[in-house]
Amino acid sequence: MIPTPHIELENKDLIAKTVLMPGDPLRAKYIADTFLTKVEKINDVRNMWGYTGYFGKKKVTVMGSGMGMPSIGIYSYELFEFYGVENIIRIGSCGAYSPDLNIYDVVLVKDAYSESSYAKTMGVSSRKILPANKSLNNKIIRASEKLNIKLHVSTVHSSDVFYRLKHDEFKDIHQKYGADAVEMESFALFANAKALGKKAACLLTVSDSLVTHEKTSSMERQEAFTKMMEVALNSL
Ligand code: HPA
């Protein structure tokens, strides 16, 4: 079923087997412009830009996922199911729940806890914690060791809500589920991978801390993001 409702591309060969997904489509463009050669644009629908190019000899696609589980749920499902994608690595940002995580640290998601009904509604799992793919994670760990970039391998909280009224609730989630950081997408991505027999992983840069209330500017985030992108690209 291509094109899909959200990806207009008719030739599925123009999408690589591995897709890197930042939340922001502008970041997908930045990665394509900065790191890839022979770049072709593969999607324009809703400005959710995607690009296929080469990192060295490796063909790779980068495409925005949007924010939140419904959005990454749609794009990752269509890529996996209709465009023959085998691996998706989300590259995003997270807020620290743990005092041991500092701004700009890079987190590799071991598994994602969520109160979201995504996996249950989909019919794939009634579990509240879903794992990242181990073999993808091992490749990412090896790339980080080569580049000498430290990774924190952690459980994260995939939240449906960015603005919570209960400001201290994160402490319970940190304690009870061991979640060291919060983001809003991994759980749905991992559910889709499980449903379709595909592989998914997630790398995150710490952009703010719920413990110290430290925040970063968007300029600073762009630079810090580069480290994480290098790890992701070198894991291919
Ligand atoms: N909450 C949810 N998602 C996030 C956050 C946060 O504080 N920071 C970066 N992504």
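Residues numbered from 1 in each chain as written. Predicted model: local features only at pLDDT ≥ 70, side-chain atom pairs only at ≥ 80, totals over all residues. Heavy atoms only, no water.

*Asks:* What exactly am I supposed to notice about the pattern of salt bridges here?
*Replies:* Side chains that differ in charge, positive against negative, can pair when their charged atoms come close. Tallying each qualifying case throughout the model produces eight salt bridges. We note a salt bridge from K198 to E86, for which the minimum N-O separation is 3.3 Å. Of this pair, K198 sits in the loop between helix 6 (186-196) and strand 10 (199-209) while E86 sits in the loop between helix 2 (69-82) and strand 5 (87-96), placing them 112 residues apart in sequence. Overall, K198 belongs to the buried group, its relative accessible area being 17%. Here the salt bridges do not stand alone but share partners, grouping R90, E183 and E185 into one network. (Salt bridge = Lys/Arg side-chain N within 4 Å of Asp/Glu carboxyl O. Helix = DSSP H or I, 4+ residues; strand = E, 2+ residues; numbered from the N terminus. Buried < 20%, exposed > 50% of the residue type's maximum accessible area, 1.4 Å probe, protein only.)

*Asks:* I keep staring at a positive patch on the surface and nothing clicks. Help me out?
*Replies:* Together, K58, K139, R142, K146 and K199 line one region of the surface with positive charge. Counting residues per element, the positive patch draws most heavily on helix 4 (residues 134-147), which supplies three residues. By the element assignment, K199 lies in strand 10. (Patch = residues over 30% accessible without salt bridge, like charges linked within 9 Å, V, L, I, M, F, W, Y side chains within 5 Å. Areas by Shrake-Rupley, 256 points an atom, 1.4 Å probe, with all protein chains shown as cover. Lys, Arg positive; Asp, Glu negative; His and termini not counted. Charge placed at Lys NZ, Arg CZ, Asp CG, Glu CD.)

*Asks:* For this particular structure, what's the right way to read the packing of aromatic side chains?
*Replies:* Think of a pair of aromatic rings as described by two things: how far the centres are apart, and how the planes are tilted against each other in angle. Counted according to the given criterion, the structure contains four aromatic pairs. Here F162 and Y163 contribute two aromatic rings whose centre-to-centre distance is 4.7 Å and whose plane-to-plane angle is 70 degrees, an arrangement assigned as edge-to-face. Across this residue pair, the class does not change: F162 and Y163 are exposed. The aromatic ring of F225 is capped on one face by R27, whose charged end is 3.7 Å from the ring centroid. Taking NZ or CZ as reference, K38 lies 4.7 Å from the ring centre of Y54, over its face. (Phe/Tyr/Trp six-rings, centres within 6.5 Å; stacked < 30°, edge-to-face > 60°. Lys NZ or Arg CZ within 6 Å of the ring centre and 35° of its normal.)

*Asks:* Looking at this structure, I do not really get the site of the ligand. What am I missing?
*Replies:* Taken together, S93, C94, G95, F162, V182, E183, M184, S207, D208 and L210 form the complete shell of residues around the ligand. In the environment of the ligand, a nitrogen atom lies 3.3 Å from a nitrogen or oxygen atom belonging to the backbone of G95. Contacts to the ligand include D208, whose side-chain N or O atom sits 2.8 Å from a nitrogen atom. Those elements that provide at least two residues to the shell around the ligand are strand 5, strand 9 (179-183) and strand 10. Among the elements that line the shell around the ligand, the one with the most residues is strand 5, at three residues. The residue inventory of the shell around the ligand, partitioned by class, reads five nonpolar, three polar and two charged. (Near = heavy atom within 4 Å. Polar contact = N/O pair within 3.5 Å; in protein donor to acceptor, adjacent residues only side chain to side chain. Nonpolar A, V, L, I, M, F, W, Y, C, P; charged D, E, K, R; others polar.)

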